[in-house]
Amino acid sequence: MLEIETTNRCNLSCPYCIKRVEKREEKDMTPSEFDHILKELLTIRPTPASRGREFFILHGHGEPLMNPHFTDIVNNPLLKKFPMVRFSTNATLLTQEKIKSIIDAGTIELINVSLQSARKEVMETLQRGANFEETVANIRNLIRYAHGKRTYVRIQQLKTTLNSNETRADYEKLLEVKNFLFWSRNLTYTTQSTQLPEEVRHLIIRQKNSRFFPRLRVSACWKNGKYVYGDSVIVNVHGNLTGCCWDSSNLQTYGNVFEKPLSELRSGGLLKTLRRELVNKDFHRLPICKRCVTRLPVTTPTTESRGLPASSLSPRDSSLVGAG
């Protein structure tokens, strides 16, 4: 998996989001910074075969459309060298102009839209700061414009105690269209759950034996029966490299792509040391990994997906992080 965080700003205040505890300066990535990272990625993925069918995600801990340069970013011609580019959005800022620019760029394979309920009162409770009517209108426009083009649109729903009875049929009725993908999964305990205020935990659907981190959420670093730190290339908006997509506060970084070549950082001693420490379960520099590895998953989340094979569902697509 490849991931570039194009902004860590968000216009919503979703109660379950890890941004509630994030400790980083807010920033938007510039087109020149993005271009630099793309060129660096191509040094370690130099051929089409090496890029293969690898997920390339353009969101991190923020709403991508908060970045005023986002349409310029998706129109970077180098992005066409990567076949599976996607991002998640809360759709509140999706104007018709932005929709056209993003879809017509021809670089985006999938747009995940976080819409947590087909009911106004529930959606505006779970996605604080959003206007239900405006957001729904934006999503309708997106789905209609994307129809027949190379970009798929997928609605993502996190099931909570407030929306657990809602299904795809409710979204089809609301949006007045059916040509979208749909994925629903339960909001369960995650790495940040211990940091959530008690008043937020009532949203979590508790199931037998599902207290801890679900395996789907760590599949990005679970390879051949073991955890591998830094297998995915994750670059946050400040250029820091981390081996964990949940590292919202730079706790587990191993270098900065604006300071050293990516190829050097990926083969460097610090990454090798962190990988060895993870294998040895030495967590003094891997506090986030400790929460996952020492709380092994015992169940998988409930999911409903249509239109894409299971192999195309990346762990970040179902993330609570960013894109309200």
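See above for the structure.
Here the structure is a predicted model, which means the values were calculated and not measured. (Residues numbered from 1 in each chain as written. Predicted model: local features only at pLDDT ≥ 70, side-chain atom pairs only at ≥ 80, totals over all residues. Heavy atoms only, no water.)

**Student:** What exactly am I supposed to notice about the pairing of strand E3 (residues 84-89) here?
**Tutor:** Across a regular strand the side chains alternate sides, sitting on one face of the sheet and then on the other. Judged by how many residues are buried, E3 sits mostly within the fold: six of six residues are covered. Burial of E3 is two-sided: the residues Met 84, Arg 86 and Ser 88 facing one way and the residues Val 85, Phe 87 and Thr 89 facing the other way are all buried. The pairing of strand E2 (residues 55-57) with E3 spans three bridges and is parallel. For Phe 56, the partnering residue across the bridge sits in E3 and is Val 85. Pairing between E3 and strand E4 (residues 110-114): four bridges, direction parallel. The residue of E4 that forms the bridge with Arg 86 is Leu 110. (Buried < 20%, exposed > 50% of the residue type's maximum accessible area, 1.4 Å probe, protein only. Helix = DSSP H or I, 4+ residues; strand = E, 2+ residues; numbered from the N terminus. Pairing = 2+ DSSP bridges.)

**Student:** Help me understand helix H1 (residues 31-44) in this model?
**Tutor:** Spacing of three or four residues puts side chains on the same side of an α-helix, whose turn is 3.6 residues. In this model H1 runs 21 Å from its N-terminal to its C-terminal C-alpha over 14 residues, within 8% of the 20 Å that 1.5 Å per residue would give. For H1, the complete set of buried residues consists of Glu 33, Phe 34, Ile 37, Leu 38, Glu 40, Leu 41, Leu 42 and Ile 44. The inward-facing, buried residues of H1 abut strand E1 (2-4), helix H2 (48-51), E2, helix H3 (70-74), strand E9 (233-235) and helix H8 (262-266). (Expected span 1.5 Å × (residues − 1). Contact = heavy atoms within 4.5 Å.)

**Student:** What is the right way to look at the nonpolar core in this model?
**Tutor:** The nonpolar side chains of soluble globular proteins are, as a tendency, buried together. Counting 85 residues, the largest nonpolar core has Leu 38, Leu 41, Phe 56, Leu 58, Ile 102 and Ile 155 as the members making the most contacts within it. The greatest single-element share of this core, amounting to seven residues, is contributed by helix H6 (residues 132-146). Among residues more than four places away in sequence, those in contact with Ile 155 are Val 113, Leu 115, Ile 139, Tyr 171, Leu 175, Phe 180, Leu 181, Phe 182 and Trp 183. (Core = buried A, V, L, I, M, F, W, Y, C linked by side-chain atoms within 4.5 Å.)

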